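# Chains, contacts and geometry: an overview
So you can see what is in the structure, the chains are spelled out below.
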Amino acid sequence: MNRLLFLDLTSNDISVIIKYCFWGLSSLKKITFTQCSVHYINTYGFTRLLQLETLALQNVGLRQIQAKSFYGLAELKSLNLLANDLSYLEAASFQSLAK
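Keep in mind that this is a model prediction, so the values were computed, not measured. (Residues numbered from 1 in each chain as written. Predicted model: local features only at pLDDT ≥ 70, side-chain atom pairs only at ≥ 80, totals over all residues. Heavy atoms only, no water.)

### A few points about the side chain of Thr32
Test applied: Numbering of helices and strands runs from the N terminus; a helix is a DSSP stretch of H or I covering at least four residues, while a strand is a stretch of E covering at least two. Each residue's exposure class comes from its accessible area (1.4 Å probe, protein chains only) as a fraction of the maximum for that residue type: buried when under 20%, exposed when over 50%, partly exposed otherwise. Pairs of residues are marked as contacts when any of their non-hydrogen atoms sit within 4.5 Å.
Locating Thr32 in the fold gives a position in strand β3 (residues 30-32). In this structure Thr32 comes out as buried when scored by relative accessible area, which is 13%. Apart from residues lying up to four places away in sequence, Thr32 is in contact with Leu7, Asp8, Leu9, Thr10 and Ala56.

### Observations concerning the environment of Leu62
With respect to the helices and strands, the residue Leu62 is situated in the loop between β5 (54-56) and β6 (64-65). The class of Leu62 is buried, set by a relative accessible area of 0%. Sequence spacing of Leu62 and Leu81 is 19 residues, and the spatial spacing of their C-alpha atoms is 8.2 Å. Filtering out sequence-adjacent residues up to four positions away, Leu62 remains in contact with Val38, His39, Tyr40, Ile41, Leu81, Asn84, Asp85 and Leu86.

### Considerations on the side chain of Thr47
Along the polypeptide, Thr47 turns up in the loop between β4 (40-41) and β5. On the basis of relative accessible area, Thr47 is assigned to the buried category, the value being 9%. The residues contacting Thr47, other than those within four sequence positions of it, are Tyr20 and Tyr71.

See below:
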């Protein structure tokens, strides 16, 4: 699975992105979670996705983003958080996003 480039998890019952849940999928370029029920992104939830360019989390009911949730996403160019219920963001939630 380390050659997988695109992962579409649209309309799945996913409520939490846990630490290291994408371990071993380092070739991913795009992940889509549209219309899921992702309420919480844990610290290091997207770690080790070294090639990820696009992360779509629109309309998922997202409420909390922990610090370093997007840590290591050096190639990320697009982060879509449109139409969520964000009520808690730690100060360092987006700190490691360079682009």
